[in-house]
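Structural overview for review
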Amino acid sequence: MNFAQLRAFHAVATEGGFTKAARLLNVTQPTCSQEVKALEETYGVTLFDRGNRQVALTETGTALFAVTRRLFAAEQEAMELLAGVRHLDGGTLAVGADGPFHAVPLIARFTRTHPGPTVTLAVGNSRTMLEGLMETRIDVAVLADVPGDSRLFVLPLRRDPVRVLVPKTHPLARRRAVALRDLAAERLVLREPGSMTRRLVERTLAAAEVTPAALIEIQSREAVVEAVAAGLGIGFTSAAEFTGDGRLVLLPIAGTEIEMDEYVVCLRERRRLAVVRAFLDLAREVGEASGLSAAAMPGSAPATPATAGHAAPAHQRR
C-alpha cells in the first residue's frame, strides 16, 4: 500500500476538503487530489462523494478513516517517543469531559506543571467523549459515566454529593434538608435520560417508592438551573457544579446521600504516552488528596456503570 496515498486520504477526511488537506500536507491541491484518486483506482473503490463545494466520506471511506485514525495516532505516538516530546517540552493533549467543572481545574494544574504541551478541551455527553477516546481523537477524558470495558484505564478523581436545587421563594427553601417524600408533590426538572445525575436520582426515588407529580426534561445543566430559577420545578445537581446563584437554594436530602463519582479515563494502550501519563499522575494526586484510591474505587480496573455513582443511607456515606 502506498503510504503517501493513505496519508493524503487521511488528511482530506480529517480536514473535510482537498484544499485544507493540501495545506496541512504542504503540497499542492492537484497533488493531494491525485494521491487520493490513485488510491481509489488501485483498489477500485470510491472513498469520497465529491460535491461542488464539499466532499463527504462514502461508507468505504468512513471505514477506512477509522483505520487511518488508529494508524496515524500510533505514528504520532512513535514520533513523540523518538523526538523527545516525552520530556513534555511540546506535543498536544486532547481532553474530553462531560462538563467543565472537574476538568478545567485539572487542566489548569496540568498546564502550570507542564507549560510545554498544547491542551484542548472538548465538552459533550459521555457517549460522545468515549467515542472520541476509542477513535483516538481524545487522549484522556473526565467523566462520571464509565462503562465496564477492558480497553479503558480508569482513575477515581473525586466524589461529590448530589443536592436538591430549589427556588429561593419555594416553601422548601426554608428547610435545612429535603425529605424524599416531599418530592412526591413536586414537579422535577431533570436532565436527559442518559444523564448520570438523573439516573442516580431516579434510582433513589424508586427505592423510596416516591413518584413525583410531574417531570420536565431539559438537555443541559445551565438550562436546568434557569428552569428551576424560573419556578418550573425542583432540580438536582452535583454540589461541585453549583457555583452559586442568588435565586436558588441548594439543600441536602434528609436521610439519604446521593453521591456522584468522577473519573479520569484513557485507552490502556495510550497510557505510555508521556503527556497522557503526566495528566494521569496529576489526576491520581487529586484523587488521593480527596481520599479516593485504586484500592477504594475501581481505579485502574474497568469501572462498571454501577460504580459511577451511588446512593446510601446518610450514616453509611463516605
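Here, the structure is the one placed above.
Residues numbered from 1 in each chain as written. Predicted model: local features only at pLDDT ≥ 70, side-chain atom pairs only at ≥ 80, totals over all residues. Heavy atoms only, no water.

Quick word on the overall build of the protein
Along its length, the protein carries 9 helices and 12 strands. For the protein, with 318 residues in total, the buried portion stands at 47%. Within the protein, contacts between residues separated by at least 24 positions form 77% of all contacts whose residues are at least 6 apart in sequence. Surface exposure of the protein reaches about 15800 Å², of which carbon and sulfur atoms provide 52%. (Helix = DSSP H or I, 4+ residues; strand = E, 2+ residues; numbered from the N terminus. Buried < 20%, exposed > 50% of the residue type's maximum accessible area, 1.4 Å probe, protein only. Contact = heavy atoms within 4.5 Å. Areas by Shrake-Rupley, 256 points an atom, 1.4 Å probe, with all protein chains shown as cover.)

Examining the nonpolar core
Leu93, Leu106, Val140, Val264, Phe279 and Leu280 are the most contacted members of the largest nonpolar core, which has 25 residues in total. Going through the elements one at a time, strand E3 (92-97), helix H5 (100-113), strand E5 (140-143), strand E6 (152-167), strand E11 (256-267) and helix H9 (274-289) are the ones with two or more residues in this core. Of all the elements, H9 adds the most residues to this core, at 9 residues. With residues up to four places along the chain from it excluded, the contact list for Val140 reads Leu93, Ala94, Val95, Gly96, Leu133, Val264, Val265, Cys266, Phe279 and Leu280. Counting residues in hydrophobic clusters, the runner-up holds 23 residues, among them Leu183, Val210, Leu251 and Ile253. (Core = buried A, V, L, I, M, F, W, Y, C linked by side-chain atoms within 4.5 Å.)

As for empty space enclosed by the protein
The full count for this structure, using the stated rule, is 1 cavity of 30 Å³ or more. Here the largest cavity is characterised by a volume of approximately 40 Å³. In terms of lining, the largest cavity is formed by Val189, Leu190, Arg191, Thr197, Arg198, Val224 and Phe236. Within the residue set of the lining of the largest cavity, elements represented by two or more residues are strand E7 (187-190) and helix H7 (196-207). For the lining of the largest cavity, a count of residues per class yields 4 nonpolar, 1 polar and 2 charged. (1 Å grid on protein atoms, 1.4 Å probe; cavity = no way out; pocket = protein on both sides within 12 Å on 5 of 7 lines; lining within 4 Å. Points joined across faces, edges and corners; volume = space filled by probe spheres on them. Nonpolar A, V, L, I, M, F, W, Y, C, P; charged D, E, K, R; others polar.)

With respect to the packing of aromatic side chains
Following the criterion strictly, the structure yields 4 aromatic pairs and no others. For the pair Phe3 and Phe72, a centre-to-centre distance of 5.5 Å together with 50° between the ring planes defines the contact as tilted. With Phe3 in helix H1 (residues 3-15) and Phe72 in helix H4 (residues 59-83), the pair connects residues that are 69 residues apart, well separated along the chain. Note on Phe18 and Phe48: the rings are 5.9 Å apart at their centroids and 65° apart in plane angle, and the pair reads as edge-to-face. Highlighted residues: Phe18 in helix H2 (residues 18-25) and Phe48 in strand E1 (residues 48-50), separated in sequence by 30 residues. Across the pair, Phe48 and Phe18 agree in class, each one buried. (Phe/Tyr/Trp six-rings, centres within 6.5 Å; stacked < 30°, edge-to-face > 60°.)

Re helix H6 (residues 126-134)
Turning to H6, its buried residues are Ser126, Met129, Leu130, Gly132 and Leu133. Angular distribution of buried residues about the axis of H6 spans 155°; they occupy a single face of the element. Elements in contact with the buried residues of H6: E3, strand E4 (118-123), E5, E6 and E11. Backbone nitrogen of Arg127 and a side-chain oxygen of the N-cap are separated by 3.2 Å at the start of H6; the cap is Asn125. A positive backbone phi angle near 60° is found at Thr136, which sits one or two residues after H6. (Arc of directions from axis to C-beta. Polar contact = N/O pair within 3.5 Å; in protein donor to acceptor, adjacent residues only side chain to side chain.)

Thoughts on the pattern of salt bridges
The full count for this structure, using the stated rule, is 18 salt bridges. Among the ionic pairs, Asp160 bridges to Arg158, the shortest N-O distance being 2.7 Å. For Arg158, a relative accessible area of 31% puts it in the partly exposed group. (Salt bridge = Lys/Arg side-chain N within 4 Å of Asp/Glu carboxyl O.)

Regarding the side chain of Thr68
With respect to the helices, strands and loops of the structure, Thr68 is situated in helix H4. What makes Thr68 buried here is its relative accessible area of 0%. In this structure, Thr68 is in contact with Leu6, Phe9 and His10, ignoring residues within four places of it in sequence.

Comments concerning H1
Under the 1.5 Å per step criterion, the end-to-end length of H1 is 18 Å for 13 residues, consistent within 8% with the ideal 18 Å. For H1, the complete set of buried residues consists of Gln5, Leu6, Ala8, Phe9, His10, Ala11, Val12 and Ala13. Near the N-terminus of H1, the side chain that reaches the backbone nitrogen of Ala4, with its oxygen 2.9 Å away, is that of Asn2. Where H1 terminates, the next one or two residues include Gly16, which has phi positive at roughly 80°. (Expected span 1.5 Å × (residues − 1).)

Details of the pairing of E6
Burial analysis of E6 places 15 of its 16 residues in the buried class, the great majority of the element. Pairing of E6 with E11 involves 9 bridges; the strand directions are antiparallel. When the bridges of E11 are listed, Arg159 appears paired with Asp261. In the sheet, E6 pairs with strand E10 (residues 248-251) via 4 bridges, with the strands oriented antiparallel. Counted as the bridge partner of Val164 is Leu251 from E10. (Pairing = 2+ DSSP bridges.)

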